[in-house]
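# Tertiary structure, described
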Amino acid sequence: MGKHPLFEKVETLLRDYNSMKARVKNLEIDIQLLQVPMIRETPEETLEGVYFARSLESRTQSQGWASDKTSQVAFNYLQANEGINREFEQLRRQDRAAAERERNHLIRLLQKMDNALSSLNEKEQVIIKGFYIDNLRWFEVAEQVMYEERHCKRVRDRAINYMAKSLLGFENYHTA
């Protein structure tokens, strides 16, 4: 039984299985971080600071001109940076949405791969998982299933061709 053109696609997916799982976990960390609101000063917090500065100045018998200047600087700062803050929030939302899309895509792909693997018989599963996911060498896989290495490779070929139909569709399989 020869190798089908989609054989390599399935092999690549199997070799990437562990890194896809790790990527999903890392995306979940990113999504969590992007859900935390930005820490930034609200206008109320800024004005409270200005009022506190005013109270200190009035205690030291200041004439008040510095506090008015301080409040104007704070107000100008808030106005100038509010647009930047809104843009930054929008970028965070876009980044979170992109991370969620990628995570959801990988989760669906991993579920499909798990379905395809679980549809194999027990020996085929041991061979495929052993060689591609657990990164065992052929002689180690052969020991596990008590087959010759050459026979393991034939079973692998049959199993991956079967998985190609399951993962990539019968239509793609028969037209490729």
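What counts, and where the lines are drawn
- Residues numbered from 1 in each chain as written.
- Predicted model: local features only at pLDDT ≥ 70, side-chain atom pairs only at ≥ 80, totals over all residues.
- Heavy atoms only, no water.
- Phe/Tyr/Trp six-rings, centres within 6.5 Å; stacked < 30°, edge-to-face > 60°.
- Buried < 20%, exposed > 50% of the residue type's maximum accessible area, 1.4 Å probe, protein only.
- Axes fitted to C-alpha atoms, helices over the stretch in contact; angles between N-to-C directions.
- Helix = DSSP H or I, 4+ residues; strand = E, 2+ residues; numbered from the N terminus.
- Parallel < 35°, antiparallel > 145°, perpendicular 65-115°, else oblique.
- Contact = heavy atoms within 4.5 Å.
- Core = buried A, V, L, I, M, F, W, Y, C linked by side-chain atoms within 4.5 Å.
- Salt bridge = Lys/Arg side-chain N within 4 Å of Asp/Glu carboxyl O.
- Left-handed = near helix turned anticlockwise from the far one by under 90°.
- Nonpolar A, V, L, I, M, F, W, Y, C, P; charged D, E, K, R; others polar.

## Some remarks on the packing of aromatic side chains
Applying the stated criterion across every chain yields a total of 2 aromatic pairs. Between Phe131 and Tyr132, the aromatic rings sit 4.9 Å apart at their centres with planes inclined by 90°, giving edge-to-face as the arrangement. Of the two residues, Phe131 and Tyr132, both sit in the buried class. Taking 4.1 Å as the distance between ring centres and 15° as the angle between the ring planes, the aromatic pair formed by Phe131 and Trp138 counts as stacked. For Phe131, a relative accessible area of 18% gives the class buried.

## As for the packing of helix H1 (residues 7-15) against helix H7 (residues 149-168)
Two elements in contact, H1 and H7, have axes separated by 9 Å at closest approach and are oriented at 90°. Accordingly, the angle class assigned to the pair H1 and H7 is roughly perpendicular. Note on element contacts: H7 touches H1 through Arg156, Asp157, Ile160, Asn161, Met163, Ala164, Leu167 and Leu168, opposite Phe7, Lys9, Val10, Glu11, Leu13 and Leu14.

## Quick notes on the nonpolar core
General note: in soluble globular proteins, nonpolar side chains tend to be found buried as a group. Among the nonpolar cores identified, the biggest contains 34 residues, and Leu14, Met113, Ile128 and Met163 are the most heavily contacted of them. When near neighbours in sequence (up to four residues on either side) are disregarded, Met113 contacts Leu13, Leu14, Tyr17, Met20, Met163 and Leu167.

## Regarding the pattern of salt bridges
Note on pairing: side chains with opposite charge can pair once their charged atoms come close. Counting across every chain of the model gives 5 salt bridges. Of the charged contacts, one joins Glu11 and Arg15 as a salt bridge, the two residues approaching to 4.0 Å between their closest N and O atoms. Of this pair, Glu11 and Arg15 both sit in helix H1, 4 residues apart, roughly one helical turn. For Glu11, a relative accessible area of 8% gives the class buried. Judged by its relative accessible area of 48%, Arg15 falls in the partly exposed class. Between Glu140 and Arg137 there is a salt bridge, and its shortest N-O distance comes to 3.8 Å.

## A closer look at the packing of helix H5 (residues 122-133) against helix H6 (residues 138-145)
Following both chains from N to C, one finds H5 and H6 inclined at 155°, their axes separated by 9 Å at the closest point. With respect to their mutual orientation, H5 and H6 come out roughly antiparallel. Relative to H6, the crossing made by H5 is right-handed. Contacts between H5 and H6 pair Lys123, Val126, Ile127, Gly130 and Phe131 from the former with Trp138, Val141, Gln144 and Val145 from the latter. Of the residues that constitute the contact of H5 with H6, the class distribution is 6 nonpolar, 2 polar and 1 charged.

## Digging into the side chain of Glu124
In this structure, Glu124 sits in helix H5. Leaving out residues up to four positions away in the same chain, Glu124 has contacts with Val155, Arg158 and Ala159.

Remember that the coordinates give geometry; whether it matters functionally is a separate question.
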